[in-house]
Amino acid sequence: MANSVERCLEGALTPPFYFGQILIQKITTRRFVLLHRDDESVGQLKSFRSAEDAIEIAKYDDAGSYRPLKTAPNLRHGWRLELDTLEALMRALDYFYPGRLAVFAAWKSDKLQTTSLRETLDRQSGMYRVAAKISDLQMDDLVADFCRSDGGCLRIILWKRDAEGAVSSTKLPKEKFDPSFDQASVGPRSSAFAKAPADRTTPATVPLLCQEPCNLLVAECRKAVKMEDAALSPRE
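Residues numbered from 1 in each chain as written. Predicted model: local features only at pLDDT ≥ 70, side-chain atom pairs only at ≥ 80, totals over all residues. Heavy atoms only, no water.

(A) Representation of the nonpolar core. By size, the foremost hydrophobic cluster in this structure holds 31 residues, and its most contacted members are F19, I22, L34, W79, L81, L93 and F96. Broken down by secondary-structure element, the contributors of at least two residues to this core are strand 1 (17–19), strand 2 (22–26), strand 3 (32–36), helix 2 (53–57), strand 5 (79–83), helix 3 (86–96) and helix 4 (100–108). Among the elements that make up this core, the one with the highest residue count is helix 3 (6 residues). Beyond its immediate sequence surroundings of up to four residues, L81 is in contact with F32, V33, L34, F48, R49, S50, D53, A54, A92 and F96. Judged by nonpolar contacts, the second largest core, of 21 residues, contains L117, F146, C147 and W159. (Core = buried A, V, L, I, M, F, W, Y, C linked by side-chain atoms within 4.5 Å. Buried < 20%, exposed > 50% of the residue type's maximum accessible area, 1.4 Å probe, protein only. Helix = DSSP H or I, 4+ residues; strand = E, 2+ residues; numbered from the N terminus. Contact = heavy atoms within 4.5 Å.)

(B) Seen up close, the layout of surface pockets. If you add up the space inside the largest pocket, you get close to 400 Å³. Residue lining of the largest pocket: 25 residues in total, with S149, D150, Q183, A184 and S185 positioned closest to the centre. Split by residue class, the lining of the largest pocket holds 9 nonpolar, 7 polar and 9 charged. (1 Å grid on protein atoms, 1.4 Å probe; cavity = no way out; pocket = protein on both sides within 12 Å on 5 of 7 lines; lining within 4 Å. Points joined across faces, edges and corners; volume = space filled by probe spheres on them. Nonpolar A, V, L, I, M, F, W, Y, C, P; charged D, E, K, R; others polar.)

(C) Expanded view of the packing of helix 6 (residues 136–146) against helix 7 (residues 215–232). Running from amino to carboxyl end, helix 6 crosses helix 7 at an angle of 135°, the nearest separation of the two axes being 11 Å. With respect to helix 7, the axis of helix 6 lies oblique. Here the hand of the crossing between helix 6 and helix 7 comes out right-handed. Each of Q138, L142, V143 and F146 in helix 6 lies in contact with helix 7, whose residues at this interface are L216, L217, E220, C221, A224, V225 and E228. The class makeup of the residues in the contact of helix 6 with helix 7 is 8 nonpolar, 1 polar and 2 charged. (Axes fitted to C-alpha atoms, helices over the stretch in contact; angles between N-to-C directions. Parallel < 35°, antiparallel > 145°, perpendicular 65-115°, else oblique. Left-handed = near helix turned anticlockwise from the far one by under 90°.)

(D) A look at the pairing of strand 2. Here strand 1 pairs with strand 2 via 3 bridges, running antiparallel. Following the sheet pairing, Y18 is matched in strand 2 by L23. Between strand 1 and strand 2, which pair antiparallel in sequence order, lie 2 residues; one of them, G20, sits at a positive phi of approximately 65°. By the bridge criterion, 5 bridges tie strand 2 to strand 3 in an arrangement that is antiparallel. Each bridged residue has a counterpart across the sheet, and for Q25 the counterpart in strand 3 is V33. With antiparallel pairing between neighbouring strands as the criterion, strand 2 and strand 3 make up a hairpin whose turn holds 5 residues. (Pairing = 2+ DSSP bridges.)

(E) Quick look at the pattern of salt bridges. This structure, assessed with the given rule, holds 15 salt bridges. Where R91 meets E52, a salt bridge forms, and the shortest distance between an N and an O atom there is 3.0 Å. In this pair, R91 is assigned in helix 3 and E52 in the loop between strand 4 (46–48) and helix 2, connecting sequence segments 39 residues apart. Among the residues examined, R91 registers a relative accessible area of 28% and is labelled partly exposed. (Salt bridge = Lys/Arg side-chain N within 4 Å of Asp/Glu carboxyl O.)

Here you go:
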């Protein structure tokens, strides 16, 4: 998989480009710089030089709170990461957004398989088995709130609600399911796959793709079912 990801980086991911909340630029033929996309014009940034520094950068938000969901739109500001090789760039991006490069490579090569939310919930065991009891109505509301790009998650949803192919939530905008839209931007969005002009000034956007519901969403489904059960239980 590493080789396929590298081919995608060499082919489609030509700097400058956005990857979630990160701006990737090329400062020399063999050197890359990564920073928060909001910090492009900020002069005083803390410098880092190792791909492994991305682990700590991605761990907490600006308030110092732990980030359990790495694709949430709360990546902290104030840093600049310089890397000397393509391999280091790949490692850093995978630390920032675990697994997203491999998913992107599989999607680009038409090998990506998706799993519906119902299938994901039906295969749960133990304390999470109850999550499969969630109703379609509850699911519609929950996915709309938990997965929204504004305050939820920056991934583009590719999975369906069930085996019949129902949309994961009717309350999310159609752009949430479109890989050509930049989920981290409120302004004009650019496709990552259109041929860019040599003098382009707007970086392309490489999508963070979501091929199956995450474990955090499963936990939220369980919570919704338990709350509904508690509300319906007779009170003494």
